[in-house]
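Residue-level structural notes
Each chain, written out:
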Amino acid sequence: MTIALFLLLLFSLSILGCGKPSGDPKALMQKYFQAIDNGDSITAYDCLTDKIKAMVNKDDFVLRQNIYRTMRNSKGTIIGEPIELGEQALNGQKYKNTYSFSVAQKFIDSIDNKEYVSNYTSYVVNDNGNWRIHSETYNKYTIKELLAAAYSSLGWFQLKKHNQKSIMESKSSNDILEAISSFKKSLHYNSTFSSAHRGLASAYIDAERYNEAIPAAIEAVKNGSNNKEKSSALVTLGVAYSRSNRSNDAIRSFREALELDPDNEYARSNLKIYGL
């Protein structure tokens with residue numbers, strides 16, 4: 001009898017161990033995005049799966065969140081009702097229980113004061129007996145790629161801020177130097193990131209450092225992943241050449257940009273300046 005009861009207890013525990021974790025998956029999703037909205041990145045990080053934590057350390061996660069918070073203000077997150085998916089394999093990792101949620105994050109641009117919404121799907125999974133957040137972003141891209149993109153976005157944000165100021169304000173502004181620093185940080189994490197090279201070239205042009213702008217723009221062209229990227233970089237290169245009084249090189253760059261992307265109006269308008 002004692003042995004039978006013992007075996008029954010083991011069987012019962014095995015069934016409980018195979019069940020769902022306690023707690024509400026949506027409550028965890030709400031906790032995660034409330035932490036993101038409030039700037040509590042450490043609490044948000046603690047909600048992630050063990051796999052993501054193994055790929056992304058806490059400091060890098062917090063750094064990325066802080067970079068984006070300098071560019072935008074959160075206006076809250078709308079989370080849809082959970083859809084139970086059962087057992088799922090997400091990015092090569094199999095989870096016994098999975099719920100998907102539609103997510104709509106609202107932000108206000110810190111410069112234009114315009115609201116925009118980011119819509120995507122997020123997941124709560126049974127991760128070793130605990131409900132945890134599975135992030136497609138951190139599984140799809142490396143943390144170095146994500147930090148490179150974040151710093152590049154910050155650099156463009158600082159350039160935009162600089163260009164919206166009056167001539168007198170911009171001369172005394174540190175925005176352009178901060179933009180150069182941000183683009184360099186981006187390239188520290190991803191040396192082949194075309195957008196960061198082009199941004200660095202643009203910042204150098206605004207700072208009238210044309211000899212530095214030209215090689216940065218050339219790198220942007222070389223590392224462009226498609227014709228549109230290469231075309232945009234060629235326009236930046238053309239402007240750098242033009243400001244350096246290298247008209248023939250500028251015209252060649254604008255023409256090449258238009259060949260790669262016939263819809264590039266910046267290339268077309270710059271050629272018109274030369275009467276072409």
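Predicted model only: the values in this text are computed from it and were never measured. (Residues numbered from 1 in each chain as written. Predicted model: local features only at pLDDT ≥ 70, side-chain atom pairs only at ≥ 80, totals over all residues. Heavy atoms only, no water.)

**Quick word on the overall build of the protein**
Heads up, the rule is: A run of DSSP states H or I qualifies as a helix once it reaches four residues; a run of E qualifies as a strand once it reaches two. Both are numbered from the N-terminal end. Only the C-alpha atoms count toward the radius of gyration. The rule for a globule is 2.2 Å times the residue count to the power 0.38. The rule is simple: take the accessible area with a 1.4 Å probe, protein chains only, and divide by the maximum for that residue type; under 20% is buried, over 50% is exposed, in between is partly exposed. Residues count as neighbours in contact if any of their non-hydrogen atoms are within 4.5 Å of one another. For accessible areas, the Shrake-Rupley method is used with a probe of radius 1.4 Å. Any residue's cover is judged against the shown protein chains and nothing else. Asp and Glu are treated as the negative residues and Lys and Arg as the positive ones, with His and the ends of the chain left uncounted. For the purpose of locating charges, the reference atoms are NZ of Lys, CZ of Arg, CG of Asp and CD of Glu.
Secondary structure assignment for the protein yields 14 helices and five strands. Computed over its C-alpha atoms, the radius of gyration of the protein comes to 25 Å, more than 25% above the 19 Å expected for a compact globule of 276 residues. Counting only C-alpha atoms, the protein reaches 100 × 35 × 30 Å along its principal axes. Buried residues in the protein amount to 43% of all 276 residues. Taking as baseline every contact in the protein between residues at least 6 positions apart, the subset at least 24 positions apart corresponds to 58%. By element, 51% of the accessible surface of the protein is carried by carbon and sulfur atoms, the whole surface being about 15,200 Å². Separation between the mean location of the 34 positive side-chain charges and that of the 30 negative ones in the protein comes to 1 Å.

**Focus on the packing of helix α9 (residues 175-189) against helix α10 (residues 194-206)**
Counted only if it meets this: Angular values range over 0 to 180 degrees, each being the angle between N-to-C directions of two axes fitted as lines to C-alpha atoms, with helices fitted over their stretch in contact. In this scheme, roughly parallel covers angles under 35 degrees and roughly antiparallel covers those over 145, while 65 to 115 is roughly perpendicular and the rest are oblique. Two helices crossing with the near one rotated counterclockwise from the far one by less than a right angle form a left-handed crossing, whereas a clockwise rotation gives a right-handed crossing. In this classification, the charged set is Asp, Glu, Lys and Arg, the nonpolar set is Ala, Val, Leu, Ile, Met, Phe, Trp, Tyr, Cys and Pro, and all remaining amino acids, among them Gly, are polar.
For the pair α9 and α10, the least separation of the axes is 9 Å and the interaxial angle reads 155°. Between α9 and α10, the angle falls in the class roughly antiparallel. By crossing handedness, the relation of α9 to α10 is classed as left-handed. On α10, the residues that touch Ile 176, Ala 179, Ile 180, Phe 183, Lys 184, Ser 186 and Leu 187 of α9 are Ala 196, His 197, Gly 199, Leu 200, Ala 203, Tyr 204 and Asp 206. Looking at the contact of α9 with α10 residue by residue, the classes come out as nine nonpolar, three polar and two charged.

**Overview of the packing of aromatic side chains**
The line we're drawing: Here a pair means two rings of Phe, Tyr or Trp (six-membered ring of Trp) with centres within 6.5 Å. Their orientation is stacked below 30 degrees between planes, edge-to-face above 60, and tilted elsewhere. For a Lys NZ or an Arg CZ to count as sitting over a ring, it must be within 6 Å of the ring centre and within 35 degrees of the ring normal.
Within this structure, the stated rule accounts for eight aromatic pairs. When the centroid spacing of 6.4 Å and the interplanar angle of 55° are considered together, the rings of Phe 33 and Tyr 120 count as tilted. Taken together, the positions of Phe 33 in helix α2 (residues 25-38) and Tyr 120 in strand β4 (residues 115-127) put the pair 87 residues apart, joining distant regions of the chain. Owing to a relative accessible area of 3%, Phe 33 belongs among the buried residues under this scheme. Overall, the relative accessible area of 31% leaves Tyr 120 in the partly exposed class. Taking the centre distance of 5.5 Å and the plane angle of 35° together, the rings of Phe 107 and Tyr 116 count as tilted. Look at Phe 107 and you get buried, because its relative accessible area is 5%. Each member of the aromatic cluster is reached from another via a ring pair, and the members are Tyr 32, Phe 33 and Tyr 120. In this structure, Arg 72 is placed above the aromatic ring of Phe 107, and the distance from its NZ or CZ to the ring centre is 3.8 Å.

**What to know about the nonpolar core**
Rules: Buried Ala, Val, Leu, Ile, Met, Phe, Trp, Tyr and Cys residues form a nonpolar core when they are joined through side-chain atoms within 4.5 Å.
Grouped together as the largest cluster of nonpolar side chains are 32 residues, with contacts concentrated most on Leu 159, Phe 183, Leu 200, Ala 203, Tyr 204 and Leu 237. Take this core: its biggest share by element is seven residues, from helix α11 (residues 210-223). Each residue touching Ala 203, except ones within four places of it in the same chain, is listed here: Leu 159, Ile 176, Ala 179, Ile 180 and Phe 183. Counting 31 residues, the second largest nonpolar core, distinct from the first, contains Leu 28, Phe 33, Tyr 45 and Phe 101.

**Things to note about the pattern of salt bridges**
In plain terms, the rule: Each salt bridge in this description consists of a side-chain nitrogen of Lys or Arg and a carboxyl oxygen of Asp or Glu lying within 4 Å of one another.
In total, this model carries 11 salt bridges according to the counting rule given. Residues joined by salt bridges that share partners form a network here, namely Arg 246, Asp 249, Arg 252 and Glu 256.

**With respect to the confidence of the model for the protein**
As a reminder of what qualifies: Residue-level confidence of the predictor is summarised by pLDDT, bounded by 0 at the bottom and 100 at the top.
Taken residue by residue, the protein gives an average pLDDT of 90. The fraction at 70 or more is 91%. By mean pLDDT, helix α1 (residues 2-17) is the weakest element of the protein at 44, and α11 is the strongest at 98. Under a pLDDT of 50 for its full length, residues 4-17 has, in the predicted model, zero contacts with residues more than four places off or in other chains.

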